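# Examining the three-dimensional arrangement
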Amino acid sequence: LAHASVSAFRSQYDRVKAMWYDCDRAARLALLNPGKVYRAGRRLRFGVVQSAGVPFLVMRIPAGRSIVYPWPAIENWGDRTDAITFYGQLPGKAIWGRIPTYGGKLFENASQGTAGDFTSNGTVVAMDRGFDVFMLVHDEALAMDDGRPVSEFCDALTTLPQWADGMVLKADGKRVPYYLK
């Protein structure tokens, strides 16, 4: 059943699957050619830079921020002879070591980083418009009820920053007497 679900997702969202492979390709090319920059899709860029003697795989996301992966390499990992790895905190542990990654995970990191940039921008716009935003929870913004239509708050949250020209962003909102997840 899980395999069928994965196959159905990949066939229905072929552009997402293509971005996974684009990210993987661009990251590998960057690792093989330090100093050059490679695109994944229209808005992501990968390169390798050195800082204080440490190499970093750098993924530039649409807002211009970078997500960095220290001491990157292409190496044997498990049954793979060409895994992309980097040095970081091991998942679920308090120690650091080599961590494998791949195009789908890199694209997930870019998506989450971009979502955070949208949330930050929308929150600032909402506050500039007089909303009392008091809490952010992942992809949710909470503001005190000031009687204005919820749609005005949603409009503020979805105001596109200049770097996001052409992207589609939507927010749903509702009034609630207490926080609901």
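Scroll up to find the structure this text is about.
Let me begin by describing the structure that accompanies this report. (Residues numbered from 1 in each chain as written. Predicted model: local features only at pLDDT ≥ 70, side-chain atom pairs only at ≥ 80, totals over all residues. Heavy atoms only, no water.)

Before going further, it helps to spend a moment on the pattern of salt bridges. For the structure shown, the criterion picks out ten salt bridges. Notably, a salt bridge pairs Arg28 with Asp82, separated by 3.9 Å at the nearest N-O pair. Of the two residues, Arg28 sits in helix α2 (residues 14-32) while Asp82 sits in strand β6 (residues 80-89), which places them 54 residues apart along the sequence. Relative accessible area serves as the criterion here: at 34%, Asp82 is assigned to the partly exposed category. (Salt bridge = Lys/Arg side-chain N within 4 Å of Asp/Glu carboxyl O. Helix = DSSP H or I, 4+ residues; strand = E, 2+ residues; numbered from the N terminus. Buried < 20%, exposed > 50% of the residue type's maximum accessible area, 1.4 Å probe, protein only.)

Moving on: the environment of Met19. Among the structural elements, Met19 can be located in helix α2. Put simply, Met19 and Ala40 are 21 residues apart on the chain and 6.9 Å apart in space, counted from C-alpha to C-alpha.

Judged by pairing direction, the sheet is antiparallel, and its three strands sit side by side in the order β5-β6-β7 without closing on themselves. Of all strands in the sheet, those with a lone pairing partner are β5 (73-77) and β7 (96-101), marking the two edges. Shown here is a sheet whose adjacent strand axes are inclined to one another by a mean of 55°, direction ignored. Examined bridge by bridge, β5 and β6 share four bridges and lie antiparallel to one another. Within the sheet, the bridge partner assigned to Ile74 lies in β6 and is Ile84. In this fold α2 packs onto β5 and β6, with an angle of close to 80° to the strand it touches most, β6. (Pairing = 2+ DSSP bridges. Axes fitted to C-alpha atoms, helices over the stretch in contact; angles between N-to-C directions. Contact = heavy atoms within 4.5 Å.)

Moving on, we come to the pairing of strand β2 (residues 44-51). A regular strand carries its side chains on alternate faces of the sheet. Across three bridges, strand β1 (residues 38-40) lies against β2 in antiparallel orientation. Following the sheet pairing, Ala40 is matched in β2 by Leu44. Between the antiparallel neighbours β1 and β2 lie three residues, among them Gly41 with a positive phi of about 65°. With seven bridges joining them, β2 and strand β3 (residues 54-60) adopt antiparallel strand pairing. Within the sheet, the bridge partner assigned to Gly47 lies in β3 and is Val58. The antiparallel pairing of β2 with β3 creates a hairpin that spans two residues between the two strands, and Ala52 there sits at a positive phi of about 55°.

In this section: the sheet that holds strand β4 (residues 66-70). Each strand in a sheet pairs with its neighbour through backbone hydrogen bonds, running either in the same direction (parallel) or in the opposite one (antiparallel). A sheet is described by the order of its strands in space; here four strands give the open sequence β1-β2-β3-β4, paired in antiparallel fashion. Across the chains shown, the open sheet's two edge strands, defined by having one partner strand only, are β1 and β4. Going from strand to strand, the sheet's axes swing by 30° on average, the running direction of each strand aside. On the sheet, α2 packs against β1, β2 and β3 and is oriented at approximately 170° with respect to β1. Relative to the sheet, helix α3 (residues 103-128) contacts β2, β3 and β4, its axis offset from that of β4 by approximately 140°.

From the geometry alone we can't say anything about function, so treat these as descriptive.
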